[in-house]
Structures are given as C-alpha cells and as structure tokens.
Amino acid sequence: MLRVFSTDDLFSAVESLSRIRPLDGRGLLVISNGRGPGLMACDAWMRNGGKPTALSTDSVGKLSQLLPVEKMEFPPIALPANASAQLYGQVMEAVSVDHGADALLVIHASSALEPCADIANAVVAAAKRSGCNILSVWLGGKSLEPARRICADAGIPAYISPESAVCGLMQMLDFKCNQNLLMQVPPAVSADIVDREAAHRIVEAALRDGSQRVSLTKSCALLAAYGIKAGDQPQERDLSLDTIALTISLAIDPVFGPAVILKLSGKNGRTETSAGLPPLNMVLAQDMVAHGGLAGLNEGIHESDSSVDQICRVLLKVSHLLTDVPELAELEIGFPQPGVKEMCAVRVHVLLKPNKPNETGDGLQRLAICPYPNELEETISWQGAPLLLRPIRPEDGEAHVAFFNALDPEDVRYRMFVGIRALQPSQLARFTQIDYDREMAFIATRLNGDGVAETLGVARVVADPDNIQAEFSVIVRSDLKGLGLGQVLMTKLITYCRRHGTQEIIGEALPHNVRILHLVRKLGFDVKPLERNGTMWLHLDLRPGLRR
C-alpha cells in the first residue's frame, strides 16, 4: 500500500503505478526547455530525499555535440526555450542509456515555435528505444492537452507540473521499498510468555461488573499478561510531556480496523507518529520505528542502539494484545526515554467495549490482516518423540532454507516440476509469509540436538476466492521418507479444509512420483492421468455425503 496526503498525490500515484516500471533508486535526469522548470524538478527531487545524479563522461561527450557549452549545466539539462522536436529526441537518445539514473524526466513549457504534438511524438519515439523510465511534464494548460494524450496513449506518464512528476517518482520508490519490506524474512525472536487466560479473565471481570473503564491496577495486570511491565507508580493520565518520551496506543479505523500507533516526543518539543496494522513482526516493528524518526528525534537514541530493540519488542507485545482482546476500545501506554534497562510504563489507560459477535464475527474479522492461528497448533507423538504440527510463520524463514537444502534434487523436481538449486528471497517470502484467510501451510517441527527448531515437512493448500477448490502440495525431508510423516501432514491438512468449508482438494503429480500417488489413494483421492501435460490429476471431494 501507499499512503497519500492529498488528492494531487493520489492522482500522481495512480499515474505512476500504472505506467512506470519498477525503480531501483539510482537517480533522476531532467531535460527541460529552459533552466527554470528543470531546476524546480531537481529541487523537488532533492527536497524529497532523492539522490543527486551526475551524468557519465560518455553522456557529457554526446551532449556537447548537441548543445552549446554554456547550456551544459547539470542538473538539469537545459535546452533552448524554442527547442525543436528533433533536438528533444537527440538529447534523450544521448542520455537514455546513462547508467547513473533509471528515470528520465522530460519537461516542455509551451512554445509558439514548435507544435507540442511534434515534441510529444519525438518523446514517444525516443522512449521506445530507451531502457529507462520516461516521464513527461507539459506546462501550458489546455493547449498542451494533445501532447499529454499522445504520451498517455504510449504508456508514458504525463504530469502537469515538475513537482507532481517528482511526487509520482517518490511514490514509486516508496512502493518498491514497501515490496522489499514484504520480501524480508523477519528474524526469529524468543517467544514471550503470554497468559491469554489471565487477560481474558481480567476483561470478562471488568465487563461483568459493568465497568468499561479498567482500573489502573487491572490495566497493569492486563499488560503484565503480555509481558509489558509497569513502573513502581504508574498513572492513568495527566503526566507531563517531560516524563513521557514515547506512547504506544490503539486506533480503530472503520476500514482497516485496529492499528498500533507509535508516538515519539523529542526534547525540542517536536513529535513524530507512525502506524502499523497488527499482527506485527520484527521487520514491521523496525519499520514503524524508522518511520517514526526515532533516531533523529532523540539525540540519545540511535537505530543501532538496544533501545530500538526494546521498543520493537514492546510493539510486538501490544500487537499480540490487540489481536487477542477484541474488547479493547482505547489503549494508551506511556514510557519514559528508553535506556539500558527494560522499558516500564509510567502511564496506562485502558477502556473496554463489549464485543458483539453479530457485528465483529469471531473477533478476528475486525483485523485487516488475519493473524497467526494459534488454535491450529497440535503436538503429537511421532517416532517415539513429540512433534509439533503448526501453521508456518514468517519467522520460519531460516529453518525453511535449511529444510529446502536438505531435500534431494529429485524431491524438489517432484514438488515443483522443475529443478531449483536454491530458494530466492522472493520465493522464501512467498512460502513463509502466507495469507491465512486464503491459504494454509502446516509444518512438522521439532527441536534438534542443539535445541534449534527444525522443519521436517510441509503440507500446503491454496484456495480459490470462493473457497470451492484448494490446490495442495506436500513434501517431507528426504531422509525421513517412508516414515508416515507425509500422511500425518496430509491428514492435518484435510481436516483443516473440511472445517474451513472447502469443497474440493485438487493437485497434480508426475506419473513416476509413486510415493505421493500411493499416499493420496490411501487418503481417498481419485487419481487419473491428464493428457494435456502428462501429469496425474488428484482430486478429493469434501462435500458432506460424498466420498471422503
């Protein structure tokens, strides 16, 4: 998602996301007929955090043959006010292969000597031969509408001002940053001891007494159930800003549901705020702190400092609390400046609102992102030792890589129908960061001799939007084949699909993958060959009254 702050930003984002190829942040080159509009674009670029872009020696050499020396001022590349369409095309050709930038912004201010349509056609022709992103700005009102239309039809973003073009570019960089953030595998953190039963008892007792405003003592006990400590003499309200350095609170949006709000107060009186949607993980919590400007706001705190880790861990605990307690209507926790010791709250405020099932379903539907389903965890006895069957988590990334590396190449080909030597970061994120509303992946895990959790097998299912059909896959570590682990995982998966209301489970397998064919027949699947691609079609009908 991208956050925009004005209607102009909204339309810039639409123009950019629909037409610009992904950016890598190398930089921006600006061409304009006149130095003023180009300087406006360069200033806006630098103001918004863009990097200064210098032309390569090769590009300078090519441009010197086209423009007088006095016009060679960088940035921007300034053309004459009455520059011809031919000159625009030649200059674009000269710099479009420059490796110092991955975007080229062409600005044209209305000129009576050169038709705007000719300029636009030259821009389009040069863009077709260019490997970088081309953006255009047409200054001159309705008279330049034909040029904007020509560029738009060719898939080139057309803006009305240098600032809006730069805004669109920065939004593309934010979009790329957001995508990269999603691809990061969060580090595994030690599991905090959470006493959900104690938290629910506190909430139920307060609501039973008819008190929606929770007393300070019970509020501190509620936080303590999630490992959030309070100081010796916490207060509910009315502490001075000098005492509170950061506040973590709850905001409930009518569209996105509950959100975690982090507010940081600097010594100079300035405050910064960032927000995140639960459930959070360590990567998302770190991003909240970074967007909150913590390091720049408090001179005594740096992003490499242990204080950041403390804040992130408290954010994770608050995220768990918001996920587990749908009755929370208001939550505000104030902390002093983080230091070397554990963070302790000095201000606590909790307000409850009875949860009405007919309005919020099971309490989780209020969340924009489906949280980790703790209730699906199950410990069984397998091969004489305990084995944990549970949904996969983003934090399982490192264990998943080790699991993949332990697979024989033939097993990988059976699973993916192609040979893959190593998991790419995007593949790892795709396998471990799933949408629990639409898909499920159960792993079998246990502690190895070093006390580290290892993944032994995975069974995965992805449903269509209507939850009619769900496609499955299953794979176990190569050294554990033939011990019944695949059947254990598939049984868990089938049980989940039945309870989830899925009507059919389908899949495909190579005809010589005899182990999976034997397993699914044993579990009641229909198996038949598919002539179109030479694979075997696997099908299990889960509808009541039909074959199971």
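Look up: the structure comes first, before these words.
All values reported here derive from a predicted model rather than from experimental measurement.

Reading the values: rules and limits
Residues numbered from 1 in each chain as written. Predicted model: local features only at pLDDT ≥ 70, side-chain atom pairs only at ≥ 80, totals over all residues. Heavy atoms only, no water. Helix = DSSP H or I, 4+ residues; strand = E, 2+ residues; numbered from the N terminus. Buried < 20%, exposed > 50% of the residue type's maximum accessible area, 1.4 Å probe, protein only. Contact = heavy atoms within 4.5 Å. Areas by Shrake-Rupley, 256 points an atom, 1.4 Å probe, with all protein chains shown as cover. Pairing = 2+ DSSP bridges. Axes fitted to C-alpha atoms, helices over the stretch in contact; angles between N-to-C directions. Parallel < 35°, antiparallel > 145°, perpendicular 65-115°, else oblique. Left-handed = near helix turned anticlockwise from the far one by under 90°. Nonpolar A, V, L, I, M, F, W, Y, C, P; charged D, E, K, R; others polar. Phe/Tyr/Trp six-rings, centres within 6.5 Å; stacked < 30°, edge-to-face > 60°. Lys NZ or Arg CZ within 6 Å of the ring centre and 35° of its normal. Right-handed = clockwise from strand over helix to strand, strands pointing away. Core = buried A, V, L, I, M, F, W, Y, C linked by side-chain atoms within 4.5 Å. Disulfide = S-S within 2.5 Å. Salt bridge = Lys/Arg side-chain N within 4 Å of Asp/Glu carboxyl O.

(A) How the structure looks around the overall build of the chain. A tally of regular secondary structure across the chain gives 18 helices and 19 strands. Residue burial in the chain is summarised as follows: out of 548 residues, 47% are buried. In the chain, the share of contacts with a sequence separation of at least 24, taken over all contacts with a separation of at least 6, comes to 67%. Accessible surface computed for the chain: about 27400 Å², of which carbon and sulfur atoms make up 52%.

(B) Geometry of the sheet that holds strand β9 (residues 271-276). Overall, mixed pairing links the 6 strands, which are arranged β6-β11-β10-β7-β8-β9 in an open sheet. Two strands bound the open sheet, and with one partner strand each, they are β6 (229-235) and β9. Each adjacent strand pair in this sheet contributes to an overall mean axis angle of 30°, direction not counted. Looking at chain direction, strand β7 (residues 246-253) and strand β8 (residues 257-265) are connected through 8 bridges and run antiparallel. Within β8, the position partnered with Thr-247 by the bridge is Lys-263. Its contacts with the sheet put helix α10 (residues 282-291) on β8 and β9, and the angle it makes with β9 is roughly 155°.

(C) The packing of helix α5 (residues 116-128) against helix α6 (residues 145-153), seen in detail. As a packed pair, α5 and α6 sit with axes 8 Å apart at the nearest point and diverge in direction by 20°. On the basis of the axis angle, α5 is roughly parallel to α6. Classified by chirality, the crossing of α6 by α5 is right-handed. Along its contact with α5, which presents Cys-116, Ala-117, Ala-120, Asn-121 and Val-124, the element α6 presents Pro-146, Ala-147, Ile-150 and Cys-151. Residue classes in the contact of α5 with α6 are distributed as 8 nonpolar, 1 polar and no charged.

(D) Quick look at the packing of aromatic side chains. In total, this model carries 3 aromatic pairs according to the counting rule given. Aromatic side chains Phe-442 and Tyr-496 sit 5.7 Å apart centroid to centroid with 80° between the ring planes, which places their arrangement in the edge-to-face category. Note that Phe-442 is positioned in strand β14 (residues 439-447) and Tyr-496 in helix α17 (residues 485-500), a separation of 54 residues in sequence. The two residues Phe-442 and Tyr-496 agree in class, both being buried. Where Phe-472 meets Phe-525, the ring centres are 5.3 Å apart and the plane angle is 50°; that geometry is what we call tilted. Residue Phe-472 is found in strand β16 (residues 469-476), and its partner Phe-525 is found in the loop between α18 (514-522) and β18 (526-529); the two are separated by 53 residues along the sequence. In this structure Phe-525 comes out as buried when scored by relative accessible area, which is 3%. Note that Arg-393 overlies the ring of Tyr-372, its terminal NZ or CZ placed 5.1 Å from the centroid.

(E) Broad picture of the sheet that holds strand β2 (residues 77-79). Strand order in the open sheet formed by 5 strands is β2-β1-β3-β4-β5, and the pairing between neighbours is parallel. Each having just a single partner strand, β2 and β5 (158-159) make up the two edges of the open sheet. With 2 bridges connecting them, strand β4 (residues 133-139) and β5 associate as parallel partners. In the strand pairing of β5, Ser-136 is matched with Ala-158. Sheet strands touched by helix α4 (residues 85-95): β1 (28-33), β2, β3 (103-109) and β4. Its angle to β1, the strand with the most contacts, is close to 165°.

(F) Spotlight on the pairing of β3. Summarising burial for β3: 6 of the 7 residues are buried, a large majority. Taken together, the 5 bridges between β1 and β3 define a ladder with parallel strand orientation. Bridged to Ser-32 within β3 is Ile-107. Between the parallel elements β3 and β4, the chain passes through α5 in a crossover that is right-handed.

(G) Summary view of the nonpolar core. Core analysis: the biggest nonpolar cluster contains 50 residues, and Phe-472, Leu-485, Leu-489, Met-490 and Phe-525 have the highest contact counts within it. The element that contributes the greatest number of residues to this core is α17, accounting for 7 residues. Residue contacts for Leu-485: discarding those within four places in its chain leaves Trp-382, Leu-387, Ala-444, Leu-456, Gly-457, Val-476 and Leu-480. Within the second largest apolar cluster, 42 residues are counted, among which are Leu-223, Leu-246, Leu-280 and Leu-315.

(H) Up close: the state of the cysteines. Going through the model one piece at a time under the given rule, you end up with 0 disulfides. Looking at Cys-116, it has no disulfide partner, and the nearest cysteine sulfur is the one in Cys-151, 9.6 Å off. Overall, the relative accessible area of 13% leaves Cys-116 in the buried class.

(I) Structural detail: the packing of α10 against helix α12 (residues 306-324). Running from N to C, α10 and α12 point in directions that differ by 120°, and their axes come no closer than 9 Å. The orientation of α10 relative to α12 falls into the category oblique. Remark: the crossing between α10 and α12 carries right-handed chirality. Where α10 abuts α12, its residues Met-282, Ala-285, Gln-286, Met-288 and Val-289 lie against Val-308, Asp-309, Ile-311, Cys-312, Arg-313, Leu-315 and Leu-316. Of the residues in the contact of α10 with α12, the class split is 9 nonpolar, 1 polar and 2 charged.

(J) Up close: the pattern of salt bridges. If you walk through the whole model with that rule in mind, you get 15 salt bridges. Close ionic contact of Glu-145 with Arg-148 constitutes a salt bridge, the shortest N to O distance being 3.3 Å. Residue Glu-145 and its partner Arg-148 are located together in helix α6, separated by 3 residues, close to a single helical turn. The exposure class of Glu-145 is partly exposed, given its relative accessible area of 36%. Judged by its relative accessible area of 11%, Arg-148 falls in the buried class. A salt bridge links Asp-396 to Arg-390, with the nearest nitrogen and oxygen atoms 2.7 Å apart. For the pair shown, Asp-396 and Arg-390 are each scored as buried. By sharing partners, the salt bridges in this structure join Arg-446, Glu-454, Arg-477 and Asp-479 into a single network.

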